[in-house]
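Residue-level structural notes
One-letter residues, chain by chain:
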Amino acid sequence: MNYELLAILVTVVVQALYIAYRIGIFEQKLNTLEKKQDKHNSIIERTYCIERDISVIKEQIKA
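Now for a description of the structure that goes with this document. In every chain, residue numbers begin from 1 and rise along the written sequence. Reporting of local features is limited, given that this is a predicted model, to residues whose pLDDT is at least 70; pairs of side-chain atoms are given and counted only at 80 or more, and all residues count toward the totals for whole chains, interfaces and linings. Hydrogen atoms and water are omitted, and side-chain values are computed over all heavy atoms in the structure.

Regarding the overall build of the protein chain
Only DSSP runs of H or I with at least four residues qualify as helices, and only runs of E with at least two residues qualify as strands; both kinds are numbered from the N terminus onward. In terms of regular secondary structure, the protein chain is built from one helix and zero strands. Considering only C-alpha atoms, the protein chain reaches an extent of 95 × 10 × 5 Å along its principal axes. For the protein chain, the residues scored as buried account for 2% of the 63 residues in total. Split by element, the accessible area of the protein chain, about 6,300 Å² in all, is 65% carbon and sulfur. Categorising residues by exposure relies on relative accessible area from a 1.4 Å probe, with only protein chains included: less than 20% of the type maximum marks a residue as buried, more than 50% marks it as exposed, and the intermediate range marks it as partly exposed. Residue burial considers only the protein chains on display, and all accessible areas are found by Shrake-Rupley using a 1.4 Å probe.

Looking at a nonpolar patch on the surface
A surface patch of nonpolar side chains, about 740 Å² in accessible area, is lined by Y3, L6, L9, V10, V13, V14 and L17. Inspection of the secondary structure puts V10 in helix α1 (residues 2-62). A residue counts toward a patch only above 30% relative accessible area and without a salt bridge, and it is joined to like-charged neighbours within 9 Å or, for Val, Leu, Ile, Met, Phe, Trp and Tyr, to nonpolar neighbours within 5 Å. Salt bridge, as applied in this entry: a Lys or Arg side-chain nitrogen positioned within 4 Å of an Asp or Glu carboxyl oxygen.

A word on the pattern of salt bridges
All chains considered together, the criterion is met by one salt bridge. The residue D53 makes a salt bridge to R52 at a minimum N-O spacing of 4.0 Å. You can call D53 partly exposed: its relative accessible area is 39%. Residue class for R52 comes out partly exposed when judged on its relative accessible area of 40%.

Below you can see the structure in the form of structure tokens.
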């Protein structure tokens, strides 16, 4: 009977460690994705500013 409880306990502990490991990997991938998204958003913002500046310059040239 004690061996059965020990086996169940070991199984629960191993599963908990595996879940913690998988959550850690998920968080790493999520952080990487967030960095890529921040870089993309920065490029979009800079592109918007450049387009705005170009339109201002075009208006100045026309005047």
